[in-house]
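Architecture at a glance
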Amino acid sequence: MHPREHRLATSVLVVGTGGSGLRAAIELAEAGVAVLAVGKRPTADAHTALAAGGINAALATTDPADTWQQHAADTLQESYLLADPRTVQVVTQNAARGIHDLERYGMRFARQSDGKIAQRYFGAHTFRRTAFAGDYTGLELQRALIEHATRLSVPVLSTVYVTQLLVDDGAVFGAYGFDLVDGSRYLVHADAVILAAGGHTRIWRRTSSRRDENTGDSFRLAVEAGARLRDAELVQFHPSGLLEPENAAGTLVSEAARGEGGVLLNNLGERFMARYDPARMELSTRDRVALASYTEIKEGRGTPDGGVWLDLSHLPRETILTRLPRVYQTLLELQMRDITRDPIEVAPTAHYSMGGVWVRPEDHSTDVSGLYVIGEAASGLHGANRLGGNSLIELLVYGRLTGQAAAAYSAGLGAQRRSADAVARARTSIDTLLAADGTLNVRALQRRLRDLMTEHAGVVRDEAGLDAGLDGVASLEDQMTYIGVHPDIAGFQDLAHVFDLKSALLAARATLECAVERRETRGCHNRADYPDLDPNLQVNLVWCPGSGVTREALPPIPTDVAALMHDVSAEGKLVE
Ligand SMILES: Cc1cc2nc3c(=O)[nH]c(=O)nc-3n(C[C@H](O)[C@H](O)[C@H](O)COP(=O)(O)OP(=O)(O)OC[C@H]3O[C@@H](n4cnc5c(N)ncnc54)[C@H](O)[C@@H]3O)c2cc1C
């Protein structure tokens, strides 16, 4: 008997209920446009809730000289000239509006004594322009968005896994998926779709990402619909992720731990930053510390489990408890480790996807009519390095703009599109997987892919390793034929893992193919065989499965913004 199929129709479907998806849904609901938001995990627990440090806008409350132009200049500088100046302008110019929207929804920002929103340094910013809510900015932001969406009665389904976008003749007309609890199917017809399903950092073994999130779903869903990817190779690695426990590998140890005086030691007890940045030592930039730790581990001076030591035990206990309470608590909870006495074993961890789906700067529309992509799923703002605090503001700015664009697109349609063939293909792809009774376990293949990406496309890459990575991906693609899928009384997670793996494989292939073509070292992308920056590669790399990688030129930076660009030290500033 065929499973039950829910058939729903709306004007705009939002896939993803993290910060970006909810912001877009709010825009639509406030405009009176019918909207439905779906996610594959509880809304309050979306990846966005992990964000800690803050959200940027040149409000000029703490530093009155700040301007959106300076914010734009800092963003472009930090991107190693790979950010799209038009996207940067849209975000920085609209950032203050994004913060005021959050205030309106009830977000509890930290405030100065005069009542204005407080702003602090966060990474390589010229001025203090990061608004925050303690160390829980993402959690508070997500709470405020959920509460406002609830006030507006935005319908949200948080157990629906979207497996395919429905497309006919180059235009999207909805999505297909299944319920993670009972396996029932969802056929959602919509005039437009906003894809807000996160990035692809979980395809590495260690990641700061939420478990089972950021598996590259956005990449696969968009590409299979006919969109392209941009700069998939540009992934930010954070220097300090936990090694254990295995199911939380990569969980962040805040960079504040180094800021407060924590020292990095290799397994020989050497304070190895002296070799890489003797002036700044542990206060060096994020990419340099990640590269230094990686090199120590690679050259055999790491711990037996492949990490280095972050030692805080020389600091007064009081300092740790008052200045680093979250780090102290996390280590107690995850490892029963008292960091006032024992060092922490850490290694670089995949933290943020700077590349993503190719979108237009003005409204984040794509190559597919009616399909918009936002948040970590999209590309254009960060280039080869992300300025701390810029991703949260991007969610707010483009959430509003894509909401408006999708509403206008829907209003302009003369008829609703349908395609029985596209729907049939979506049904069949789930049926086929459910019938798979091979012997290979999906979790084991996922693990192999994550090891492969860590080995061959981690902090440092080279041509031979990337080619080996591509061979490994091809082999895993073949092995997909021999998997078994076993939903049980506890739900359809096993089926979800197969789709996660399909997405992860596509994201891995795109990452590796682009990384091969970027034969230079720039920002987060370190090529051992091409250690210098190549001015000819000041281009974006655009990928699709058929034609592989092509180069895309960037527009010039406006002269008034270019004049403000300069190197900004991140020393002594929070950078997460
Ligand atoms: C530890 C940590 C700290 C950070 N700190 C900061 C910070 O201080 N400042 C800052 O600016 N940024 C920070 N970031 C980055 C920032 O949090 C993220 O980039 C941002 O929250 C991403 O939001 P999003 O809406 O794009 O995606 P997400 O929040 O990842 O939401 C994705 C949504 O898509 C859904 N989804 C995915 N696939 C499917 C599918 N197939 N079907 C249905 N639903 C699907 C998920 O369930 C989820 O609801 C931090 C990140 C981490 C990990």
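For the structure itself, consult the block above.
Residues numbered from 1 in each chain as written. Predicted model: local features only at pLDDT ≥ 70, side-chain atom pairs only at ≥ 80, totals over all residues. Heavy atoms only, no water.

Attention now goes to the sheet that holds strand E18 (residues 539–544). Strands sit in the order E14-E9-E18-E19 across an open sheet of 4 strands; the sheet is antiparallel. Unpaired on one side and paired on the other, strand E14 (356–357) and strand E19 (548–553) mark the two borders of the sheet. In this structure, strand E9 (residues 229–230) lies alongside E14, joined through 2 bridges in antiparallel fashion. Note that in E14 the partner of Arg230 across the bridge is Gly356. Contacts between helix H15 (residues 493–517) and the sheet are confined to E9, E18 and E19, with E18 contributing the most and set at about 140° to the helix. (Pairing = 2+ DSSP bridges. Helix = DSSP H or I, 4+ residues; strand = E, 2+ residues; numbered from the N terminus. Contact = heavy atoms within 4.5 Å. Axes fitted to C-alpha atoms, helices over the stretch in contact; angles between N-to-C directions.)

Taken together, 37 residues are adjacent to the ligand, and Ser20, Thr48, Asp217, Glu376 and Ser391 come closest. Between the ligand and Glu213, the relevant distance is 3.5 Å, taken from an oxygen atom to a side-chain nitrogen or oxygen of the residue. Considering the ligand on its own, with 1000 Å² of exposed area, one finds that the protein chains cover 98% of that surface. A total of 4 residues in the shell around the ligand trace back to one element, the largest contributor, which is helix H11 (residues 390–412). The residue inventory of the shell around the ligand, partitioned by class, reads 13 nonpolar, 17 polar and 7 charged. (Near = heavy atom within 4 Å. Polar contact = N/O pair within 3.5 Å; in protein donor to acceptor, adjacent residues only side chain to side chain. Areas by Shrake-Rupley, 256 points an atom, 1.4 Å probe, with all protein chains shown as cover. Nonpolar A, V, L, I, M, F, W, Y, C, P; charged D, E, K, R; others polar.)

Remark: helix H14 (residues 463–479) packs on H15, axes separated minimally by 10 Å, with the N-to-C direction vectors making an angle of 155°. Viewed along their axes, H14 and H15 adopt a mutual orientation that is roughly antiparallel. Our pair here, H14 against H15, has a crossing hand that is left-handed. In contact with Glu463, Leu466, Asp467, Gly469, Leu470, Val473, Ala474, Leu476 and Glu477 of H14, H15 contributes Leu505, Ala508, Arg509, Leu512, Glu513, Ala515 and Val516. Grouping the constituent residues of the contact of H14 with H15 by class yields 10 nonpolar, 1 polar and 5 charged. (Parallel < 35°, antiparallel > 145°, perpendicular 65-115°, else oblique. Left-handed = near helix turned anticlockwise from the far one by under 90°.)

Applying the stated criterion to the full structure yields 5 aromatic pairs. On the numbers, 6.1 Å between centres and 40° between planes, the contact of Tyr161 with Phe499 is tilted. In this pair, Tyr161 sits in strand E6 (residues 160–168) while Phe499 sits in helix H15, placing the two residues 338 residues apart along the sequence. For Tyr161, a relative accessible area of 1% corresponds to the buried category. Site record: aromatic cluster; members linked through ring pairs are Tyr161, Phe178 and Phe499. Here the guanidinium or amino end of Arg120 rests over the ring plane of Phe132, the centre of that ring lying 3.9 Å away. (Phe/Tyr/Trp six-rings, centres within 6.5 Å; stacked < 30°, edge-to-face > 60°. Buried < 20%, exposed > 50% of the residue type's maximum accessible area, 1.4 Å probe, protein only. Lys NZ or Arg CZ within 6 Å of the ring centre and 35° of its normal.)

Counted at 1.5 Å a residue, the expected span for H14 with its 17 residues is 24 Å, and the 24 Å between its end C-alpha atoms agrees. Taken together, the buried positions of H14 are Glu463, Gly465, Leu466, Gly469, Leu470, Gly472, Val473, Leu476 and Gln479. Those residues of H14 that are buried lie in contact with helix H13 (442–456), strand E16 (460–461), H15 and strand E17 (526–527). (Expected span 1.5 Å × (residues − 1).)

The subject of this paragraph is the packing of helix H2 (residues 68–78) against helix H3 (residues 85–105). In contact at an axis separation of 9 Å, H2 and H3 are set at 140° when each is read in the N-to-C sense. One way to sum up the angle between H2 and H3 is to call them oblique. In terms of crossing hand, the pair formed by H2 and H3 is right-handed. Residue-level inspection shows Trp68, His71, Ala72, Thr75 and Leu76 of H2 in contact with H3, the latter providing Pro85, Val88, Gln89, Thr92 and Gln93. Split by residue class, the contact of H2 with H3 holds 5 nonpolar, 5 polar and no charged.

Right, let's talk about the pattern of salt bridges for a bit. Scanning all chains against the criterion turns up 50 salt bridges. Among the salt bridges present, the one from Arg41 reaches Asp45, with a minimum N-O distance of 2.7 Å. The salt bridge partner of Asp74 is Arg129, with a shortest N-O separation of 2.9 Å. Highlighted residues: Asp74 in helix H2 and Arg129 in the loop between H3 and strand E4 (130–131), separated in sequence by 55 residues. The exposure class assigned to Arg129 is buried, which follows from its relative accessible area of 0%. (Salt bridge = Lys/Arg side-chain N within 4 Å of Asp/Glu carboxyl O.)

Relative to the elements of secondary structure, Ser208 occurs in the loop between strand E8 (185–195) and helix H5 (217–225). Looking at Ser208, the relative accessible area reads 12%, which means it is buried. A distance of 2.6 Å separates polar atoms of two side chains, one belonging to Ser208 and the other to His351. Apart from the residues lying within four places of it in its own chain, the contact partners of Ser208 are His47, Leu50, Gly250, Leu252, Thr349, Ala350 and His351.

Inspection of the secondary structure puts Leu554 in the loop between E19 and helix H16 (559–562). Since its relative accessible area comes to 16%, Leu554 is described here as buried. Once the C-alpha coordinates of Leu554 and Arg86 are considered, the two residues, 468 residues apart in sequence, prove to be 9.6 Å apart. If sequence neighbours within four positions are ignored, Leu554 has contacts with Leu81, Leu82, Ala83, Asp84, Pro85, Gln538, Val539 and Asn540.

Moving on: unusual backbone geometry. The step from Glu244 to Pro245 runs through a cis peptide bond, and the omega angle for that step is -5°. Among the secondary structure elements, Pro245 is positioned in the loop between strand E10 (235–242) and helix H6 (256–259). Despite not being glycine, Asp231 shows a phi value in the positive range, around 55°. Looking at where Asp231 falls in the secondary structure, it is placed in the loop between E9 and E10. Classification of Asp231 as buried rests on a relative accessible area of 5%. Phi at His364 takes a positive value of approximately 60°, unusual for a residue other than glycine. The topology assignment puts His364 in the loop between E14 and strand E15 (371–373).

Turning our eyes to something else, we now look at the layout of surface pockets. There is about 540 Å³ of room inside the second largest pocket. Lining the second largest pocket are 21 residues, with Arg205, Arg206, Ile297, Gly306 and Thr454 positioned closest to its centre. Counting residues per element, the ones that place at least two in the lining of the second largest pocket are helix H8 (286–298), strand E13 (344–353) and H13. Each residue belonging to the lining of the second largest pocket can be placed in one class, and the counts come to 9 nonpolar, 4 polar and 8 charged. (1 Å grid on protein atoms, 1.4 Å probe; cavity = no way out; pocket = protein on both sides within 12 Å on 5 of 7 lines; lining within 4 Å. Points joined across faces, edges and corners; volume = space filled by probe spheres on them.)

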